[in-house]
Amino acid sequence: MSRALLIVLVLASTARAWSESGHHIVALLAYDRLQGAEQTALVTLLESHPRYAEDFQPPEKIANRTRWRVGVLGYWPDIARHQPAYNRPKWHYHLGANFVIGDRSKVKVPAQAWQLPEFATLDTKDLHIAQAIKLCFRVASDKSQSASDRAIALSWVAHLVGDAHQPCHSGSLYAESVFPDGDRGANTIKVKQSGNLHALWDGLLGGRVEEGDVNRRLASIATDDALHELATRADDPEVVLPGVWLDESERYALLCVYSKEVLQTVKAVQRGLTEEMPVINLSDKYLEIAGRVARMRAYQAGIRLAKLWRAILQD
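Residues numbered from 1 in each chain as written. Predicted model: local features only at pLDDT ≥ 70, side-chain atom pairs only at ≥ 80, totals over all residues. Heavy atoms only, no water.

Caption draft 1: Summary view of the overall build of the protein chain. Scanning the protein chain from terminus to terminus reveals 13 helices and four strands. Here the C-alpha radius of gyration of the protein chain, 19 Å, is about what a compact globule of 315 residues would show, namely 20 Å. Oriented by its inertia axes, the alpha-carbon framework of the protein chain measures out at about 60 × 45 × 40 Å. Across the 315 residues in the protein chain, those meeting the buried criterion constitute 55%. For the protein chain, the accessible surface area stands at approximately 13,800 Å², while carbon and sulfur atoms represent 50% of it. Here the protein chain contributes 37 positive and 37 negative side-chain charges, whose respective centroids are spaced 3 Å apart. (Helix = DSSP H or I, 4+ residues; strand = E, 2+ residues; numbered from the N terminus. Rg over C-alpha atoms; globule rule 2.2 N^0.38 Å. Buried < 20%, exposed > 50% of the residue type's maximum accessible area, 1.4 Å probe, protein only. Areas by Shrake-Rupley, 256 points an atom, 1.4 Å probe, with all protein chains shown as cover. Lys, Arg positive; Asp, Glu negative; His and termini not counted. Charge placed at Lys NZ, Arg CZ, Asp CG, Glu CD.)

Now the structure itself:
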């Protein structure tokens, strides 16, 4: 059994990862690792966000308004999907193949996008996740940039670090006669539990934000001894390592997203045993392991995001 899967199996799980609730949790895990002065600097920079008045005002029922805003900071790029001036659809995912079934020469696997173009800016839409993390870290760290641009970049850093740790964002499954152009990060694999496989993984830490639920899930992760053991493994020697994070996510995609019960269904269609992809009813074991992986990846994302935020905010 691989070390990665062994880690998965020892983690305690009550969990459901990267929808609104998941991004709140990753941002708050990182925020709680900052020192008081760093937290103050983060919140001060956030106030310069051009959508602060519209998108960061807590509902009246929210008890801790500052922490709620920090959570929104991590989620905001998904809010921006409905704002043409700020929407960057390609930034959220990585190109390439996690898995190829059949003749690789007969599928259209795109080249992976790693290198940040020299003159890329926050207006450059044709970037993918590793490139966008590098760009936004650079902009947010640059004190000569406008405070509003730095605040936008700060939010994107938080969001994309979270996305980079979600296995479905690391690539796609390609199958010669089923998904010749890829399964769009598991979006086109239908499952009984949550519409499609990507959506199921996105929701493993909860769906829409409810303050009490986020706090309970956050406390559960923060007090999990098995997750604490992983802290040093996520403590990268360098600050920005999106390639490493995406490689990790790809391994978990191979192990856990595209498990045997998923692949055997795809292969049945590939072999002509059935005409079209059926809706997959995932096993309880699949869901248990997915929940454990989600908690681990959220915890690692929080550790790494804290390091990036600390580097951005330092004098």
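Caption draft 2: Structural detail: the pattern of salt bridges. One pass over the structure, following the stated rule, counts 14 salt bridges. Where arginine 88 meets aspartate 123, a salt bridge forms, and the shortest distance between an N and an O atom there is 3.6 Å. One end of the pair, arginine 88, is in the loop between α5 (65-79) and β1 (97-101); the other, aspartate 123, is in the loop between β1 and α6 (129-141), and 35 residues separate them in sequence. Salt-bridge contacts for lysine 90 lead to aspartate 126; the nearest nitrogen and oxygen are separated by 2.9 Å. Of the two residues, lysine 90 sits in the loop between α5 and β1 while aspartate 126 sits in the loop between β1 and α6, which places them 36 residues apart along the sequence. The exposure class assigned to lysine 90 is partly exposed, which follows from its relative accessible area of 35%. Overlapping salt bridges bring together Glu248, Arg297 and Arg304 as one network. (Salt bridge = Lys/Arg side-chain N within 4 Å of Asp/Glu carboxyl O.)

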